Amino acid sequence: MKRDREQPAMTPSTSQIQTDTWVKATWEEFATAMDDPQYEEGRGYFDQGYMRIEIAPLGRGHARQNSVVSKVISIFGMVRDLRLVEFTNCSFYKAGERGCQPDTAFYIGPDFQLPPQDNEPVDVNVFGPPTLAIEISGSTFKDDLGAKRLLYERLGVAEYWVVNVAEQDAIAFAMADQHSGEIQTSEVLPELEMALVEEALRRSQTEDDSTLMRWLMERLR
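Just so it is clear, the model here is predicted, and its values are computed rather than measured.

### A closer look at the overall build of the protein chain
Next, step 1: Helix and strand counts for the protein chain come out as seven helices and twelve strands.
Next, step 2: The proportion of buried residues among the 221 residues of the protein chain is 49%.
Next, step 3: Pairs at least 24 apart in sequence give 62% of the contacts found in the protein chain among residues at least 6 apart.
Next, step 4: For the protein chain, the exposed surface amounts to about 11300 Å²; the carbon and sulfur share of it is 47%.

If you want it as structure tokens, here you go:
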């Protein structure tokens, strides 16, 4: 059964693209747009013949909660002796098919190959998709749960989180065979409960990072 997607607002041209919505495009148009200086501050997504460039300003809540979630995962990995590598605002391309730029992404596990540190998007055909992709959602919450979730399913991401900035909620999906289902405990970070992530997000409203991380270390031990 065909899944719903937002209706395209317009077809992109070389002079102007409507941002913050899905528009019909070819891969070549998407790649050209992402190289255009006027969109260098934007984040780009491409899937199934549609692209979305987000340039809406990111507020304090987005920045803070992105940082907190990243710290939770990194400290969890350290305490549990997990091999992981974080990428912030990095582009991942499966050329000709789909592209994405999650707020944060992690490769997790003993077998991944570390991509080189240059200014090119990560080639998913060479390095595989990230194990975990995370979107920090303000105005994009509905889209992050819908069209982007389908994109990450098709890309082959193992787990996907959507953090609702307004509510300090963290919604996690396990993904396999281009399907996804909500989970309460991470599968790629074994035994990490989403309730703990949400508690860290709530504490971050009033606690500084040092206090928050000391609490987290005690909980994880």
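After that view, the rundown keeps rolling.
### Quick notes on unusual backbone geometry
Next, step 1: Phi is positive for Asp20, which is not a glycine, with a value near 60°.
Next, step 2: Note on placement: Asp20 falls in the segment before strand E1 (22–24).
Next, step 3: The exposure class of Asp20 is partly exposed, given its relative accessible area of 31%.
Next, step 4: Phi is positive for Asp81, close to 60°, though the residue is something other than glycine.

### Here's the deal with helix H6 (residues 194–203)
Next, step 1: Among the residues of H6, those classed as buried are Met194, Leu196, Val197, Glu198, Ala200 and Leu201.
Next, step 2: Contacts from the buried residues of H6 go to helix H2 (60–79), strand E10 (159–164), strand E11 (169–176), strand E12 (179–183) and helix H7 (209–220).

### Structural notes on the sheet that holds strand E3 (residues 50–54)
Next, step 1: One open sheet holds the six strands; their spatial order is E1-E3-E2-E6-E5-E8, and the pairing between them is mixed. Where the open sheet ends on each side, the last strands, each with one partner, are E1 and strand E8 (122–123).
Next, step 2: Bridge count for E1 against E3 is three bridges, and the pairing is antiparallel. The residue bridging Trp22 from the neighbouring strand is Arg52, located in E3.

Procedures and definitions
Residues numbered from 1 in each chain as written. Predicted model: local features only at pLDDT ≥ 70, side-chain atom pairs only at ≥ 80, totals over all residues. Heavy atoms only, no water. Helix = DSSP H or I, 4+ residues; strand = E, 2+ residues; numbered from the N terminus. Buried < 20%, exposed > 50% of the residue type's maximum accessible area, 1.4 Å probe, protein only. Contact = heavy atoms within 4.5 Å. Areas by Shrake-Rupley, 256 points an atom, 1.4 Å probe, with all protein chains shown as cover. Pairing = 2+ DSSP bridges.

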